[in-house]
Amino acid sequence: MIRHRTSLSLLGLLGLVTAFTACRKETPEETPDAGPDGPTWTPTPYTVEVPPTLSAMPIPADNPFTVEGIRLGRFLFYEERLSGNNTQSCASCHAPEVAFTDHGNQFSVGIDGIAGNRNSMAIQNVAWESSYFWDGRAATLEEQILQPVENPIEMHETWPNAVAKLEADSVYPTLFLRAFGTPGITKERAAKAMAQFLRTMISGDSRFDKFMRGEEQLSVEEQLGFQLTLLEGGIPPAVPLGQGGADCFHCHPHGGGRFTDGILRNNGLDPQSAWTDLGLGGWTGLPQDMAKFKTPSLRNVALSAPYMHDGRFQTLEEVIEHYNSGGHPSTTIDPNMKFTTGGLQLSAEKKAQLIAFLHTLTDTAFVNNPAFHDPGPPTLE
Ligand code: HEC
Ligand code: HEC
């Protein structure tokens, strides 16, 4: 009898504990625990999955991934209230279907109708970049993200105003609490959340990736194009080590999976007398940095026209013609350009192979991934 009663009450107690735990798991979203400085929250750690064709992702110690941070960052990336007149979001110039560039526009137009002088950059695998913008002026992604909001020819808003708009919203204060554990909206937190979201935007599932993983074949033409990118440019004897290749690998290496090493270079677009945008040299002021721009990835280039920092080339054919020419000599042109030896001298057949290869880097799973698309107005879930 006694035994029976004990086990009953023990069962009852267990039931209560289970119900309580289950309840706490489901409801803290509505009722965060009150901490000494107001409500607190424990964000959920998130482990990012990196495809095997890419190297391990560097993640800054002061901005680890959390489920809630990524979710908030996605809302903010599509948030038009971050702009002065509430009409422009980051995604206005970084649209999914064109590898997160600006809809084929050579230059982006900000909220006041003023165009900039640089082509919007693809957002993909940004976690691996070591500097940001065409001229590499931002050292971290978090630092980069703070700039478009206050840029007078882009979103043209002040961060205090933008933060006030988010504070006045019925949902954002809770989303920030959930993402960072304590209440408070700041520009630094907004940038951290967006950086988390952007770092999840990984492209590593193109036909080329599947080929490297042994899951899919490429055509002979595509494979020959890939080989050309790995061969030295130039024809002997003019170029003693020349292999009749396209020489792309020096600057757009496929090792590490990104098709760039992120180094800023001058690929000979203009003669020195025609330099207008000085790129890296524009902010360092150093003669050896003049007209150098960040080497972009070749991933998804078939989607992200036009090309180069100023969007001067409309097609990949024009890009190949530029490299085939060898580029314009200047004091800072990269030695890997074949400007002294009559260019690459590629046949029409080789040019077609190169173009075919570049198309294998199109990652439709990446651009169509619903996790990177507009989530609609912010909600608590
Ligand atoms: C008006 C169009 C426009 C808007 C709005 C805009 N961007 Fe950009 N973005 C650009 C352009 C143009 C560049 C290249 C600018 C440069 O190099 O000076 C760029 C560059 C970048 C880069 C650098 C990528 C790299 O590899 O270096 C990132 C990341 C980025 N933008 C994210 C964002 C985020 C996040 C927002 C919203 C807070 C945003 N952009 C809003 C046009 C825009
Ligand atoms: C000497 C280094 C170097 C070599 C060699 C090189 N590139 Fe580039 N590439 C760059 C740099 C730097 C840029 C950006 C230049 C700028 O915008 O001012 C660039 C830009 C590009 C772009 C434009 C991408 C975009 O997002 O706008 C494409 C496409 C491209 N390169 C393809 C190739 C191919 C294909 C080859 C081989 C035939 C090649 N590159 C060889 C350094 C190089």
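Described below are features of the structure shown in this document.

Criteria and cut-off values
- Residues numbered from 1 in each chain as written.
- Chains lettered and ligands numbered in written order.
- Predicted model: local features only at pLDDT ≥ 70, side-chain atom pairs only at ≥ 80, totals over all residues.
- Heavy atoms only, no water.
- Near = heavy atom within 4 Å.
- Polar contact = N/O pair within 3.5 Å; in protein donor to acceptor, adjacent residues only side chain to side chain.
- Helix = DSSP H or I, 4+ residues; strand = E, 2+ residues; numbered from the N terminus.
- Nonpolar A, V, L, I, M, F, W, Y, C, P; charged D, E, K, R; others polar.
- Donors = N, O, S within 2.8 Å, 3.2 Å for Na, K, Ca; no water.
- Tetrahedral: all angles 85-135°; square planar, octahedral: opposite > 155°, others 65-115°.
- Buried < 20%, exposed > 50% of the residue type's maximum accessible area, 1.4 Å probe, protein only.
- Salt bridge = Lys/Arg side-chain N within 4 Å of Asp/Glu carboxyl O.
- Axes fitted to C-alpha atoms, helices over the stretch in contact; angles between N-to-C directions.
- Parallel < 35°, antiparallel > 145°, perpendicular 65-115°, else oblique.
- Left-handed = near helix turned anticlockwise from the far one by under 90°.
- Contact = heavy atoms within 4.5 Å.
- Core = buried A, V, L, I, M, F, W, Y, C linked by side-chain atoms within 4.5 Å.

Once that is clear, we can look at the site of ligand 1. Surveying the vicinity of ligand 1 reveals 23 residues, the closest of which are Cys90, Cys93, His94, Phe133 and Lys294. In the model, an oxygen atom of ligand 1 is placed 3.0 Å from a nitrogen or oxygen of the Arg137 side chain. Here Gln144 contributes a side-chain N or O atom positioned 3.3 Å from a nitrogen atom of ligand 1. Of all the elements, helix H4 (residues 141-150) adds the most residues to the shell around ligand 1, at four residues. The class makeup of the residues in the shell around ligand 1 is 12 nonpolar, seven polar and four charged.

Exactly one protein atom donates to the iron atom of ligand 1; that atom is His94 (NE2), 2.1 Å from the metal. Inspection of the secondary structure puts His94 in the loop between helix H3 (90-93) and H4.

Where a metal carries four tetrahedral donors, each ideal angle is 109.5 degrees; where it carries six octahedral donors, the ideal angles are 90 or 180 degrees. With distances of 1.9 to 2.1 Å, the protein atoms coordinating the iron atom of ligand 2 are His252 (NE2) and Tyr323 (OH). Around the iron atom of ligand 2, the six donor atoms are arranged such that angles at the metal cover 81 to 178°; this shape is classified as octahedral. One end of the pair, His252, is in the loop between helix H9 (220-230) and strand E3 (264-265); the other, Tyr323, is in helix H11 (residues 316-325), and 71 residues separate them in sequence. Among the residues examined, His252 registers a relative accessible area of 12% and is labelled buried. Since its relative accessible area comes to 23%, Tyr323 is described here as partly exposed.

Lining the immediate environment of ligand 2, one finds 23 residues, of which Cys248, Cys251, His252, His309 and Tyr323 sit closest. Separating an oxygen atom of ligand 2 from a backbone N or O atom of His309 is a distance of 2.6 Å. Those elements giving two or more residues to the shell around ligand 2 turn out to be strand E4 (293-294) and H11. The element best represented in the shell around ligand 2 is H11, accounting for three residues.

Take the environment of Leu286 next. Relative to the helices and strands, Leu286 resides in the loop between helix H10 (280-284) and E4. Overall, the relative accessible area of 38% leaves Leu286 in the partly exposed class. C-alpha separation for the pair Leu286 and Arg312, spaced 26 residues apart in sequence, amounts to 25 Å.

All chains considered together, the criterion is met by 21 salt bridges. When the shortest N-O distance is used, the salt bridge between Arg81 and Asp169 registers 2.9 Å. Here the residue Arg81 occupies a position in the loop between helix H2 (67-77) and H3, and Asp169 occupies one in the loop between helix H5 (159-168) and helix H6 (172-180), the gap between them amounting to 88 residues. By relative accessible area, which is 25% here, Arg81 ends up partly exposed.

Bringing H11 into the picture now. Those residues of H11 not exposed but buried are Leu316, Val319, Ile320, His322 and Asn324. Looking at the residues trailing H11, positive phi occurs at Gly326, about 95°.

This part is about the packing of H11 against helix H12 (residues 348-359). Contact geometry for H11 and H12: axes closest at 10 Å, N-to-C directions at 125°. Compared by their axis directions, H11 and H12 come out oblique. Helix-helix and strand crossings are classified by hand; for H11 and H12 the assignment is right-handed. Between H11 and H12, the residues in contact are Leu316, Glu317, Ile320, Glu321 and Asn324 and Lys351, Leu354, Ile355, Leu358 and His359, respectively. Along the lines of polarity and charge, the residues of the contact of H11 with H12 split into five nonpolar, two polar and three charged.

This next bit is on the nonpolar core. In terms of nonpolar packing, the biggest core is built from 48 residues, with Leu72, Leu76, Tyr172, Phe176 and Leu198 touching the most fellow members. Every element with two or more residues in this core is listed here: H2, H3, H4, H5, H6, helix H7 (187-199) and helix H13 (364-367). When sequence neighbours within four positions are dropped, the list of residues in contact with Phe176 reads Leu72, Leu76, Leu166, Gly181, Thr182, Gly184, Ile185, Thr186, Arg189 and Ala190. With 24 residues, the next largest nonpolar core counts Phe211, Leu218, Leu269 and Leu298 among its residues.

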